[in-house]
Amino acid sequence: MSTSRTLMVPDGLAGERVDAGLSRLLGLSRTKVAELIDAGLVEVDGAVPARSTRLEPGAMIHVELPAEKPAAEVRPQIAEGMSLVHQDDDIVVVDKPVGVAAHPSPGWSGPTVLGHLAAAGVSIRTSGDPERQGIVSRLDVGTSGLMVVARTEQAYTTLKDAFRAREVGKVYHALCQGTPAQAAGTIDAAIGRNPQHDFKFAVRQDGKPSITHYRTLEELSVATLLRVQLETGRTHQIRVHFSALHHPLVGDPFYGADPTLAERLGLVRQWLHAMELTFIHPATGREVTFTSQYPADLQQALDRLRAVASGA
């Protein structure tokens, strides 16, 4: 159930932007206030303002505050197929299987990386939301591969800054339909939410800058195995970029792949795996690299394609 608040603009906030002034009045983050304004839940003297509207002293602000969703709880639960690639006092690197979320979230009842670490006795001692402690970068539920989780506050801050500054090497292997026109290249196309579909993203002029580098590893009869390196880390970035090139990832009908091909290969998810992570260790200051192998379902699909390509 939502709650309502009506406030008078004090003289001290005269001339402030609505988002900045209301943030101070309510003690909420400016981002949260901006979300309320965009959702039409804020009125100034009976009219819905823009974020940049300037406040006048004595104006009446009415705000509808949606009920807060209860925080998701980290439940200790071993995730089948999860492996710990590296563990020390500051970080832990996991090889995440498909079907495992990075952290708990409302509506998700399946296994999570943090739940697995809790069940395995790996402690995480960082600030922030309890259900996301230590998470500096995540993989989608439907994507497998390497993830690093910070165990200490220093490691968390250092790694978060490194990901933000694009100083972490993230290499994926992906299998796309068909053969891209260029054997290697860079896709520089902004990504934003798809206005026609919930939970889907698209190349959009008003999206966030997104850069993907790729090169061909192997050409097969109906698909191409690629080495993909991310410069940015947008949600669904690789899937969206290759879909925009009209070479969607094999097994990804959500972004335009042929479902019959996935069925022939025994795939029930996109062929995409986080193969390599390279970063400066937050405690030692030395560069470290961790690598992974293809999981069984992706290897089997690749073997079947190779058999077809060779005429076996």
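Predicted model, so just to flag it, every value in this text is computed and none were measured.

Undergrad: What should I look at first to understand the overall build of the protein in this one?
TA: A count of helical and extended segments in the protein gives seven helices and 14 strands. Principal-axis analysis of the C-alpha atoms places the extent of the protein at approximately 80 × 45 × 35 Å. A burial count over the protein gives 45% of its 312 residues as buried. Across the protein, every contact between residues at least 6 apart in sequence was considered, and the portion connecting residues at least 24 apart equals 63%. Counting only carbon and sulfur atoms, one obtains 49% of the accessible surface of the protein, whose full area is about 15,800 Å².

Undergrad: Sorry if this is basic, but what is going on with the pairing of strand E12 (residues 223–230) here?
TA: In regular strands, side chains alternate between the two faces of the sheet. For E12, the tally of buried residues reaches six of eight residues, placing the bulk of the element in the interior. Judged from the eight bridges that link them, strand E7 (residues 169–177) and E12 form a sheet pairing that is antiparallel. Paired with Tyr 172 across the strands is Val 228, a residue of E12. Two strands pair when backbone bridges link them, and strand E11 (residues 211–219) and E12 are joined in this way by seven bridges, in the antiparallel orientation. Bridging from a neighbouring strand, Thr 216 pairs with Leu 226 of E12. Between E11 and E12, which pair antiparallel and follow one another directly, the connecting turn spans three residues.

Undergrad: Can you walk me through the side chain of Asp 252 in this structure?
TA: Among the structural elements, Asp 252 can be located in the loop between helix H5 (237–244) and helix H6 (259–265). In this structure Asp 252 touches Arg 239, Ala 257 and Gln 270, once residues within four positions along its chain are discounted.

Undergrad: What's the story with the nonpolar core in this structure? I'm lost.
TA: The biggest cluster of nonpolar side chains holds 29 residues, and the ones touching the most others in it are Leu 117, Val 149, Val 228 and Ile 238. Contributing elements (two or more residues each) for this core: strand E5 (91–96), helix H3 (113–119), strand E6 (144–150), E7, E12, H5 and strand E13 (272–280). If we ignore the near neighbours within four places in the chain, the residues touching Leu 117 are Leu 84, Val 92, Val 94, Val 122, Ile 124 and Val 149.

Undergrad: Is there a simple way to explain the sheet that holds strand E2 (residues 42–44) in this structure?
TA: Think of a sheet as strands paired side by side through backbone hydrogen bonds, with each pair either parallel or antiparallel. One open sheet holds the three strands; their spatial order is E1-E3-E2, and the pairing between them is antiparallel. A single partner strand is all that each edge strand has here, and the edge strands are strand E1 (3–8) and E2. Averaged over all pairs of adjacent strands, the angle between their axes in this sheet comes to 15°, without regard to strand direction. As defined by bridge partners, E1 adjoins strand E3 (residues 60–65) across six bridges and the pair is classed as antiparallel.

Undergrad: How should the pattern of salt bridges be read in this particular structure?
TA: Note on pairing: side chains with opposite charge can pair once their charged atoms come close. Here the structure, examined in full by the defined rule, presents 11 salt bridges. Arg 24 is the partner of Glu 16 in a salt bridge, and the nearest nitrogen-oxygen pair spans 2.5 Å. Accessibility expressed as a relative area gives 22% for Glu 16, which makes it partly exposed. A relative accessible area of 56% means that Arg 24 is categorised as exposed. Between Arg 269 and Asp 297 there is a salt bridge whose closest N-O contact spans 2.9 Å. One end of the pair, Arg 269, is in the loop between H6 and E13; the other, Asp 297, is in helix H7 (residues 296–309), with 28 residues separating them in the sequence. Judged by its relative accessible area of 22%, Asp 297 falls in the partly exposed class.

Undergrad: I'm lost on the packing of helix H1 (residues 18–26) against helix H2 (residues 30–38) in this one. Help?
TA: Any two packed helices are characterised by how steeply their axes cross, that is the angle between the axes, and by the distance between the axes. Between H1 and H2, the shortest axis-to-axis distance is 9 Å and the interhelical angle comes to 115°. When you trace H1 past H2, the crossing you get is right-handed. For the pair H1 and H2, the contacting residues are Val 18, Asp 19, Ala 20, Leu 22 and Ser 23 in the first and Arg 30, Val 33 and Ile 37 in the second. Partitioned by chemical class, the residues of the contact of H1 with H2 number five nonpolar, one polar and two charged.

Undergrad: What am I meant to see in the environment of Ala 262 here?
TA: Here Ala 262 is to be found in helix H6. Along the sequence, Ala 262 and Ala 79 sit 183 residues apart, while their C-alpha atoms lie 25 Å from each other. Excluding anything up to four places from it in sequence, Ala 262 contacts Gly 251 and Leu 267.

Undergrad: How should I be thinking about the packing of aromatic side chains in this particular structure?
TA: Evaluated as defined, the whole model comprises four aromatic pairs. Relative to Tyr 294, the ring of Trp 271 lies with its centre 5.0 Å away and its plane at 75°, an arrangement referred to as edge-to-face. Placement of Trp 271 in the loop between H6 and E13 and of Tyr 294 in the loop between strand E14 (287–291) and H7 is noted, with a sequence separation of 23 residues between them. Each member of the pair, Trp 271 together with Tyr 294, is buried. In this structure, Lys 200 packs its charged tip against the face of Phe 254, placed 5.2 Å from the ring centre. Its end group placed over the ring of Tyr 255, Lys 200 keeps NZ or CZ at 5.6 Å from the ring centre.

Rules and cut-offs
Residues numbered from 1 in each chain as written. Predicted model: local features only at pLDDT ≥ 70, side-chain atom pairs only at ≥ 80, totals over all residues. Heavy atoms only, no water. Helix = DSSP H or I, 4+ residues; strand = E, 2+ residues; numbered from the N terminus. Buried < 20%, exposed > 50% of the residue type's maximum accessible area, 1.4 Å probe, protein only. Contact = heavy atoms within 4.5 Å. Areas by Shrake-Rupley, 256 points an atom, 1.4 Å probe, with all protein chains shown as cover. Pairing = 2+ DSSP bridges. Core = buried A, V, L, I, M, F, W, Y, C linked by side-chain atoms within 4.5 Å. Axes fitted to C-alpha atoms, helices over the stretch in contact; angles between N-to-C directions. Salt bridge = Lys/Arg side-chain N within 4 Å of Asp/Glu carboxyl O. Left-handed = near helix turned anticlockwise from the far one by under 90°. Nonpolar A, V, L, I, M, F, W, Y, C, P; charged D, E, K, R; others polar. Phe/Tyr/Trp six-rings, centres within 6.5 Å; stacked < 30°, edge-to-face > 60°. Lys NZ or Arg CZ within 6 Å of the ring centre and 35° of its normal.

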